Amino acid sequence: MDLEFTAEEEDFRQEVRTWIEENLPKDYDPDEYFSTPDVDKKVEIALAWQKRLYEGGWTGLNWPKEYGGRGATVIEQHIFNEELGRARAPMAAINFIGVAMVGPTLIHWGTEEQKKRYLPKILSSEEIWCQGFSEPGAGSDLAALSTQAVEEGDHYVINGQKTWTSMAHYSHFMYLLARTNKDVKKHKGLSAFAVDMKSPGITVRPLVQLTGDSDFNEVFFEDVRVPKEQMIGPRDQGWDVAITTLMYERAGMGAGMEFEHALNQLVSLAKKTTRGGISASRDPWVRQQIAQFIIEWNAVKLTDLRALSKQISGEPPGWEGSICKLGSSYMNLRMTAFAMELLGPYGQLTRDCPLSVDQGAWLKQALMARAFTIGGGTSEIQRSILATRALGLPRK
Amino acid sequence: MHFDFTEEQRLFRDASRKFLDAECPVTFVRRMMEEEKPFDAAFWKKLTELGWTGMLIPETYGGVEGTLTDMIVVAEEIGRAVMPGPFYATAVTGAEILSLAGNAGQKDHYLSRVAEGDHLMTLAVLESEAGLQSSRISAFAERGRGGFTLNGEKRFVPDAHTSDTIIVAARTCHGTIRDRGISLFLVDRAAEGMRIEQMPSVDMSRRICRVVMDNVIVDEDRLLGEIDGGWPIIDRAMELTHVPMCCELVGLAEKALEMVVEYLKVRVQFDRPIGTFQALQHRCADLMVGMELGKSLAYYACYASEKDLPDAPVALAMAQAYCSEMARHTMSEGIQLFGGIGFTWEHDLHLYQRRAISLSLNMGSTEEHRERVAEAFMGG
Ligand SMILES: Cc1cc2nc3c(=O)[nH]c(=O)nc-3n(C[C@H](O)[C@H](O)[C@H](O)COP(=O)(O)OP(=O)(O)OC[C@H]3O[C@@H](n4cnc5c(N)ncnc54)[C@H](O)[C@@H]3O)c2cc1C
């Protein structure tokens, strides 16, 4: 076992760290960024940051050089993500789908023309992408989706509806999954498309989330014409294309550094909160709870490192992605609920109340916690994946 | 960066598993449980030939001079096979204490015998208030002419009844500065005034004992390490012992989960294998998550301890707290998933449950491990 990075890798870390320090805008306030309900503002900050990363040559780090990436190793990518998280830089959320999901999918499945057309503008954040998978009738059972793409001359004509589409209202393109064949088993009749969001017939309707913010949308398609050359991968093989994408999505979740930051904040909160006249950080029950969260978080981080090791030595990926997602989302759920408990009546105050603690961030995170157990494949679906594929329990 | 066993260690793991499959089937475990003393000299000899007893002993004394990681490779397999009888007390605790504190003569005498498989040892620390703190020790060693006179009572001493030498932690000085005043003595089990009784307990395949010392006289040359300076040695030796114990907990859980999954595939109720019921599938998935998370913590505790990193004690506390609860929970859930058969003496799962209970409690309470984590992250 060897958990040390090589001297070159440490140099790389230093390079990244210095670059971030020098380039993160001086007036950037991470607490504000992560808690503001003003989505426009957030997107603006994130886009500006993406642009800087691009100019510094840091986007698509792990993409092959020929497509504008740096061909970085998985370790470098890991170090880079860690440093971004450490600095609490604006999340790549606005361009995450493009850089982390669509890009690798196009590199894997796209035609040369598609790669030339889309990849550079994903890297530069000139074109933002959203992911049009879920529908009102197809969530966990994604293959049951019914949005149709019918061939008509040199176009496909799209009709149907997508939902929960994050950032669709800021996007230039949608990576769409639609049905091209109704006469075969449901997984066999899907195709993937790159759809211009300005196409006539598309209506985007923002949905208000339970937090009160609007991050996701409903997207309606009425006779939307998509040129044939915008199909990604072969016709009716959209399921395989989507699986490639979801693998990248899962790899990018779970070990998010924001959880670690929240844990540090929780320790500070315990120190400044009093219970029965003494600091809550001295209360044995509080100490036990917080220690447990810290232990579980470390277990997730270390499990992520085990996955990284497998990747480095070229072994097939294990089930660490699902394990980390289940472990971290469950920890976060209890941790944020515990913070509410620690705050007592103050826990209910929103950031608009001058007496709220930490600008109401704990309330927001407690409300947000369910996003992580639903989005990106629900916890139940993750458990079913582990049970049937990792443990080999029979489906029928 | 390689957070996993090396290729060589994997081969070693496969060989160890094969060995235990052949030499330590569950029938052997059950036979040992029935014995007055669960110690099989022939089996111990085989462990010695494999280099397990001399794993942490320097080559100069006939050992293998392996690493702690090599040791946890074995510990995981020991868990999977619920291997009975003494092991860590001699091969880890005893070997480490002598390596750390022994003088040349002591090392030569004891370590080479342990590596040869001719000598068993254990460490006697805990007393009536069974906490692993120097302040809980009241057994006393009075200095006299040419030696010491020991009085006091030790509890929860692993394998004392089969050990040739019992390393006793006794107070040699009252009051004074934190963690000073404890000394270590190499005491023959059969020395006059030593009384050893087994403490009947949950895991009959591994025994713990009560050791009563009534005016036991030991020679000056049996003092191990510096007078009054024994506690840091104990601390480090226990850290190194608890790491493989955490890994054994992981091995127990891994094997128990495999047993459950196999059963769920073949047991039919309502005309279908019960493994098709999602309520059960999801419980198995949760057990897998716990086992893998625990494994990560245990491996890191090993790494930190082997490298003697500053965070080694906290890393261990995390592994102890998590793996203890995880393993006990896995056994409890496993029994539920087996149904009635799981509740029988005949079924093997309770052997794993018993081991999980005794291993985890012998390391202390999870509450105390979590408190150490809290102290590291939030101060006292
Ligand atoms: C914050 C957020 C952002 C999102 N962003 C996007 C996006 O950008 N693009 C996109 O395409 N989608 C997005 N989603 C949608 C997300 O992928 C789906 O919500 C998710 O896959 C679940 O689908 P569903 O909502 O239809 O719930 P359902 O599938 O209807 O599930 C309802 C409940 O039933 C359970 N369930 C369903 N099937 C099973 C089963 N077989 N066994 C056991 N339990 C089951 C689920 O676990 C859940 O608890 C987002 C979701 C959230 C919360």
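Residues numbered from 1 in each chain as written. Chains lettered and ligands numbered in written order. Predicted model: local features only at pLDDT ≥ 70, side-chain atom pairs only at ≥ 80, totals over all residues. Heavy atoms only, no water.

1. Re the site of the ligand
Worth spelling out the cut-off: Near residues are defined by distance, with any heavy atom within 4 Å of the molecule or strand qualifying the residue. Identification of polar contacts relies on pairs of N or O atoms within 3.5 Å, with a donor-acceptor requirement for protein atoms, meaning one able to donate a hydrogen and the other able to accept it, and with residues adjacent in sequence counted only if both atoms are side-chain atoms. To measure how exposed things are, a 1.4 Å probe is used in the Shrake-Rupley method; for residues, cover is taken only from the protein chains shown.
Taken together, 16 residues lie around the ligand, and Ser134(A), Ser140(A), Thr378(A), Glu380(A) and Gln278(B) are the ones closest in. In the model, a nitrogen atom of the ligand is placed 2.8 Å from a nitrogen or oxygen of the Gln131(A) main chain. Interatomic distance of 3.1 Å between a backbone N/O atom of Phe133(A) and an oxygen atom of the ligand. Burial of the ligand by the surrounding chains reaches 64%, relative to a free accessible area of 970 Å².

2. Digging into the state of the cysteines
Stated formally: Pairs of cysteine sulfur atoms within 2.5 Å are what we label disulfides.
Within this structure, the stated rule accounts for zero disulfides over all chains. Free of any disulfide, Cys247(B) has its nearest neighbouring cysteine sulfur in Cys302(B), separated by 6.0 Å.

3. Overview of the pairing of strand β7 (residues 216–227) of chain A
All names here are of chain A. Rules: Think of it this way: DSSP has to see at least two bridges between two strands before they count as a pair. A run of H or I in DSSP becomes a helix once it reaches four residues, and a run of E becomes a strand once it reaches two; helices and strands are each numbered from the N terminus.
The sheet contact formed by strand β3 (residues 155–166) and β7 spans ten bridges and is antiparallel. Of the residues in β7, the one forming a bridge with Gly160 is Phe221. For strand β6 (residues 202–207) and β7, the ladder comprises six bridges, and the chain directions are antiparallel. Among the inter-strand pairings, Leu207 is bridged to a residue of β7, identified as Phe216.

4. Some thoughts on the side chain of Arg370(B)
Operational definition: Residue contacts are counted whenever heavy atoms from the two residues lie within 4.5 Å of one another.
Along the chain, the position of Arg370(B) falls in helix α11 (residues 366–378). In this structure, Arg370(B) is in contact with Gln288(A), Ala291(A), Gln292(A), Ile295(A), Ala321(B) and Glu325(B), ignoring residues within four places of it in sequence.

5. Focus: the pattern of salt bridges
Residues and elements named next belong to chain B. Threshold: Salt bridges are defined as contacts in which a side-chain nitrogen from Lys or Arg sits within 4 Å of a carboxyl oxygen from Asp or Glu. Type-normalised accessible area, obtained with a 1.4 Å probe on protein chains alone, sets the label of each residue: buried when under 20%, exposed when over 50%, and partly exposed for intermediate values.
The final tally for this structure, using the stated rule, is 58 salt bridges over all chains. As a salt-bridge pair, Glu258 and Arg80 come within 2.9 Å of each other at their nearest N and O atoms. Here Arg80 lies in helix α4 (residues 68–80) and Glu258 lies in helix α7 (residues 231–266), a separation of 178 residues in the sequence. A relative accessible area of 35% means that Glu258 is categorised as partly exposed. Exposure remark for Arg80: the relative accessible area of 9% places this residue in the buried category. Salt-bridge contacts for Glu197 lead to Arg210; the nearest nitrogen and oxygen are separated by 2.7 Å. With a gap of 13 residues between them, Glu197 in strand β6 (residues 194–198) and Arg210 in strand β7 (residues 208–219) connect regions that are remote in the sequence. Exposure remark for Arg210: the relative accessible area of 24% places this residue in the partly exposed category.

6. Notes on the domain arrangement of chain B
Residue and element names in this part refer to chain B. What counts is decided by this rule: Domains are outlined according to an automatic or database domain assignment. The term buried area denotes the loss of accessible surface (1.4 Å probe radius) that occurs when two parts are joined, taken as the sum for both partners.
When cut into domains, chain B gives domain 1 (7–119), domain 2 (122–227) and domain 3 (232–378). A separation of 23 Å is found between the C-alpha centroids of domain 1 and domain 2. At the interface, 26 residues of domain 1 touch 21 residues of domain 2. By the criterion of area lost to domain 2, the three top residues of domain 1 are Met33, Ile97 and Tyr110, representing 25% of everything that side buries. In this structure, the connection of domain 1 to domain 2 is made through zero salt bridges. On the surface where domain 1 and domain 2 come into contact, there are nine residue pairs in polar contact (both at pLDDT 80 or more). It is helix α5 (residues 88–101) that contributes the most residues to the side of domain 1 that touches domain 2, seven residues altogether.

7. Quick look at the interface of chain B and chain A
Selection criterion: When residues are grouped by polarity, Ala, Val, Leu, Ile, Met, Phe, Trp, Tyr, Cys and Pro land in nonpolar, Asp, Glu, Lys and Arg in charged, and all others, Gly among them, in polar.
With 46 residues of chain B in contact, the opposing surface of chain A contributes 48 residues. Carbon and sulfur atoms make up 67% of the surface buried where chain B meets chain A, a total of about 4,300 Å² over both sides. Per-residue buried area on chain B facing chain A is highest for Met1(B), Phe3(B) and Met378(B); these three make up 21% of the total on that side. If you look at where chain B meets chain A, you find four salt bridges. Residues Glu315(A) and Arg10(B) are paired through a salt bridge, measuring 3.4 Å at the closest nitrogen-oxygen approach. At the surface where chain B touches chain A, the tally comes to 18 residue pairs in polar contact (both at pLDDT 80 or more). Mapped by element, the contributors of at least two residues to the side of chain B that touches chain A are α4, α7, α8 (278–306), α9 (312–338) and α11 of chain B. Here the side of chain B that touches chain A gets 17 residues from one element, more than from any other, and that element is α8(B). Grouping the constituent residues of the side of chain B that touches chain A by class yields 24 nonpolar, ten polar and twelve charged.

8. A few points about the packing of α9(B) against helix α10 (residues 349–362) of chain B
Residues and elements named next belong to chain B. Cut-off, in case you're wondering: Axis lines are fitted through C-alpha atoms, for helices just across the contact stretch, and the angle between N-to-C directions can take any value from 0 to 180 degrees. Roughly parallel refers to an angle under 35 degrees, roughly antiparallel to one over 145, roughly perpendicular to one between 65 and 115, and oblique to any angle outside these ranges. In this scheme the handedness of a crossing depends on how the near helix is turned from the far one: anticlockwise by less than a right angle means left-handed, clockwise means right-handed.
Between α9 and α10, whose axes approach to 9 Å, the crossing angle comes to 160°. In terms of orientation, α9 and α10 fall into the roughly antiparallel class. As α9 packs across α10, the resulting crossing turns out to be left-handed. Residues Ser324, Ala327, Arg328, Met331, Gly334, Ile335 and Phe338 of α9 lie in contact with α10, whose contacting residues are Leu349, Tyr352, Gln353, Ala356, Ile357, Ser360 and Leu361. Taken together, the residues that form the contact of α9 with α10 break down as nine nonpolar, four polar and one charged.

9. Structural notes on the side chain of His242(B)
All names here are of chain B. Take His242: it is sitting in helix α7. Exposure remark for His242: the relative accessible area of 4% places this residue in the buried category. Within the structure, His242 has its side chain in polar contact with the side chain of Gln320 (distance 3.1 Å). Setting aside residues up to four positions removed in sequence, His242 forms contacts with Leu132, Leu316, Gln320, Asn362 and Met363.

10. Remarks on the nonpolar core
Going by this rule: The definition of a nonpolar core used throughout is a set of buried Ala, Val, Leu, Ile, Met, Phe, Trp, Tyr and Cys residues joined through side-chain atoms within 4.5 Å.
Among the nonpolar cores identified, the biggest contains 151 residues, and Leu266(A), Ile290(A), Trp52(B), Met83(B), Phe87(B) and Cys284(B) are the most heavily contacted of them. Those residues in contact with Ile290(A), other than ones at most four positions away along the chain, are Leu266(A), Val267(A), Ala270(A), Phe338(A) and Met378(B). With 28 residues, the next largest nonpolar core counts Ala138(A), Ala143(A), Leu177(A) and Leu190(A) among its residues.

11. So, unusual backbone geometry
One non-glycine residue with positive phi stands out, namely Asp223(A), at about 50°. With respect to the helices and strands, the residue Asp223(A) is situated in strand β7. Look at Asp223(A) and you get exposed, because its relative accessible area is 52%. Phi at Phe156(B) is positive, roughly 55°, even though this residue is not glycine. Structurally, Phe156(B) is set in strand β3 (residues 147–158).

12. Regarding the packing of aromatic side chains
For any two aromatic rings, the description comes down to two numbers: the centre-to-centre distance and the angle of the planes. Selection criterion: Pairing of aromatic rings covers Phe, Tyr and the six-membered ring of Trp, with a centre-to-centre limit of 6.5 Å; geometry is then stacked below 30 degrees between planes, edge-to-face above 60, and tilted otherwise. Two thresholds decide whether a charge sits over a ring: the Lys NZ or Arg CZ must be within 6 Å of the ring centre and within 35 degrees of the ring normal.
Applying the stated rule across the entire model yields 28 aromatic pairs over all chains. Ring centres of Phe28(B) and Phe43(B) lie 4.9 Å apart, and the angle between their planes is 50°; on these two criteria the pair is classed as tilted. One end of the pair, Phe28(B), is in helix α2 (residues 26–34); the other, Phe43(B), is in helix α3 (residues 41–49), and 15 residues separate them in sequence. With respect to burial, Phe28(B) and Phe43(B) carry one shared label: buried. Aromatic pair Phe87(B) and Tyr88(B): ring centres 5.6 Å apart, planes at 65°, arrangement edge-to-face. Taking relative accessible area as the criterion, Phe87(B) reaches 1% and is therefore assigned buried. Taken together, the aromatic side chains of Phe19(B), Phe28(B), Phe39(B), Phe43(B), Trp44(B), Trp52(B), Phe87(B) and Tyr88(B) make up a single cluster linked through ring pairs. Lying across the ring of Tyr33(A), Lys42(A) places its NZ or CZ 5.3 Å from the centre. Across the ring face of Trp58(A), the terminal group of Arg70(A) is positioned such that the distance to the ring centre comes to 4.1 Å.

13. So, empty space enclosed by the protein
All names here are of chain B. Going by this rule: Buriedness for pockets is judged along seven lines, at least five of which must meet protein on both sides within 12 Å for an open set on the 1 Å grid over protein atoms alone, while cavities are sets there where a 1.4 Å probe fits but cannot get out, and lining residues have an atom within 4 Å of a point. Grid points are joined across faces, edges and corners, and a volume is the space filled by probe spheres set on the points.
Going through the model one piece at a time under the given rule, you end up with two cavities of 30 Å³ or more. Roughly 60 Å³ of volume is contained in the largest cavity. In terms of lining residues, the largest cavity is bounded by Phe28, Met32, Pro38, Phe39, Asp40, Phe43, Trp44, Leu47, Met83, Pro84, Gly85 and Pro86. Taken together, the elements giving at least two residues each to the lining of the largest cavity come down to α2 and α3.

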